[in-house]
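The residues making up each chain are set out below.
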2 protein chains.
Amino acid sequence: MDEDNIDFLAQVSWNSEGLVPAIAQDHSSGRVLMMAWMNRQSLRLTLEKGRMVYWSRSRGKLWRKGESSGHLQLLREMRLDCDGDTLLLSVEQVGNIACHTGRNSCFYRRYKNSRWETVDPIIALPQSMYPQSNAK
Amino acid sequence: MDEDNIDFLAQVSWNSEGLVPAIAQDHSSGRVLMMAWMNRQSLRLTLEKGRMVYWSRSRGKLWRKGESSGHLQLLREMRLDCDGDTLLLSVEQVGNIACHTGRNSCFYRRYKNSRWETVDPIIALPQSMYPQSNAK
């Protein structure tokens, strides 16, 4: 499939690397859970599967959110901003844990008095989420 | 001031251009209003003034949000994500309009059936927000 021929994909302003920032927000609590990146393929797969598929810049490959931890993000709604260069995804966060540290949201550090303070609790220990990493 | 010596600034993972994505969320409604970029100076000014100052990539200069329209964003809380490369700002949106199109949020287009549909109303006409642009 020539993805550039899909009109809604062509309306997204992909950056020079073919990526766009994607903000995931919990559809029920309204909390912003994380920000990651998507390319055309990950966006198409997200729509096809109904769950979030990002592009991992560090690993240089598709990142099927929750494939290791089970903490999938089911897509409820997708929005595009005014200049077309950012996506906002309303999601149902399975397990209520979006962060690899075992927290609800990746934004668990709050600025106070020139410091970043950790203010949100760990819900699940990372080793229980990623059992295979114990093997190392 | 040597900003790299400020510890909380050094804990932010600035990209190769010295920028970090900044997500503004309405502190009362929970709506995600916009995503923009910040550099060290804009972050420092935001904290100093208590209102959002971004870095405009297109104009290559500081962007004091609301300086033309009056629609300032007053800072309520600032958070950093787990890998330190995204900021989340809880703000009080003056005038309830964050978008230059006169809407509450920049994310006013919703995906449906392979199209982006405009689903949010215009609250104020852009020409009433930016009267000087009528001069052109």
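Throughout what follows, the structure given in this document is the object of discussion. (Residues numbered from 1 in each chain as written. Chains lettered and ligands numbered in written order. Predicted model: local features only at pLDDT ≥ 70, side-chain atom pairs only at ≥ 80, totals over all residues. Heavy atoms only, no water.)

**Some remarks on the overall build of chain A**
1) Next: The secondary structure content of chain A amounts to three helices and eight strands.
2) Next: In sequence order, chain A lays out its α and β elements as α-β-β-α-β-β-β-β-β-β-α.
3) Next: Expected size for 136 residues packed as a compact globule is a radius of gyration near 14 Å; at 16 Å, chain A falls within 12% of this value.
4) Next: For chain A, the spread of C-alpha atoms along the principal axes amounts to about 45 × 40 × 30 Å.
5) Next: Per-residue burial over chain A gives 51% buried out of 136 residues. (Helix = DSSP H or I, 4+ residues; strand = E, 2+ residues; numbered from the N terminus. Rg over C-alpha atoms; globule rule 2.2 N^0.38 Å. Buried < 20%, exposed > 50% of the residue type's maximum accessible area, 1.4 Å probe, protein only.)

**Quick notes on the state of the cysteines**
1) Next: Under the criterion given, the structure shown has zero disulfides over all chains.
2) Next: Not part of a disulfide, Cys82(A) finds its nearest cysteine sulfur in Cys106(B), a span of 3.7 Å. (Disulfide = S-S within 2.5 Å.)

**Overview of the sheet that holds strand S2 (residues 32–38) of chain B**
1) Next: The six strands lie next to each other as S8(A)-S7(A)-S5(B)-S6(B)-S1(B)-S2(B), forming an open sheet whose pairing is mixed. With one partner strand each, in any of the chains shown, strand S8 (115–118) of chain A together with S2 of chain B form the two edges of the open sheet. Strand-to-strand twist across the sheet, computed as the mean angle between neighbouring axes with direction ignored, equals 35°.
2) Next: Pairing of strand S1 (residues 20–26) of chain B with strand S6 (residues 87–93) of chain B involves five bridges; the strand directions are parallel. The partner of Gln25(B) across the bridge, within S6(B), is Ser90(B).
3) Next: Packing of helix H2 (residues 40–49) of chain B onto the sheet brings it into contact with strand S7 (109–112) of chain A together with S2, strand S5 (73–80) and S6 of chain B, and relative to S5(B) it is tilted by some 120°. (Pairing = 2+ DSSP bridges. Axes fitted to C-alpha atoms, helices over the stretch in contact; angles between N-to-C directions. Contact = heavy atoms within 4.5 Å.)

**Points about unusual backbone geometry**
1) Next: Here the phi dihedral of Asn113(A) falls at roughly 50°; this positive angle occurs in a residue that is not glycine.
2) Next: For Asn113(A), the position within the fold is in the loop between S7 and S8.

**Looking at the sheet that holds strand S7 (residues 109–112) of chain B**
1) Next: Taken in spatial order, the six strands make up an open sheet running S2(A)-S1(A)-S6(A)-S5(A)-S7(B)-S8(B), and their pairing is mixed. Edge strands, defined here as strands with exactly one partner in the open sheet, are strand S2 (32–38) of chain A together with strand S8 (115–118) of chain B. On average, adjacent strands in this sheet sit at an angle of 35° to one another, irrespective of strand direction.
2) Next: Bridging between strand S1 (residues 20–26) of chain A and S2(A) involves six bridges; their strand directions are antiparallel. Its bridge partner being in S2(A), Pro21(A) is matched across the sheet by Trp37(A).

**Some words on H2(B)**
All names here are of chain B.
1) Next: Ser42, Leu43, Leu45 and Thr46 are the residues of H2 that are buried. Within H2, the buried residues cover an arc of 165° as seen down the axis, which keeps them to one side.
2) Next: Tucked into the core, H2 has its buried residues touching helix H1 (7–10), S2, strand S3 (53–56), strand S4 (61–64), S5 and S6.
3) Next: Two residues or fewer past H2, glycine 50 is found with a positive phi of approximately 75°. (Arc of directions from axis to C-beta.)

**Re the relation of the copies chain B and chain A**
1) Next: Overlay of chain B on chain A (RMSD 0.0 Å): rotation 180°, translation along the axis 0.0 Å. Such values leave the two copies arranged in the relation of a two-fold axis. In terms of proximity to the rotation axis, the leading residue of chain B is Gly30(B), whose C-alpha is 2.9 Å off the axis.
2) Next: A share of 100% of interface residues in chain B that are also interface residues in chain A marks the association as one of identical surfaces. (Least-squares fit on C-alpha atoms with pLDDT ≥ 70 in both.)

**Focus on the side chain of Arg79(B)**
1) Next: Secondary-structure assignment places Arg79(B) in strand S5.
2) Next: We classify Arg79(B) as buried; its relative accessible area is 11%.
3) Next: The contacts of Arg79(B), once residues within four sequence positions are left out, are Arg31(A), Phe107(A), Tyr108(A), Arg109(A), Arg110(A), Trp116(A), Val119(A), Asp120(A), Thr86(B), Leu87(B) and Leu88(B).

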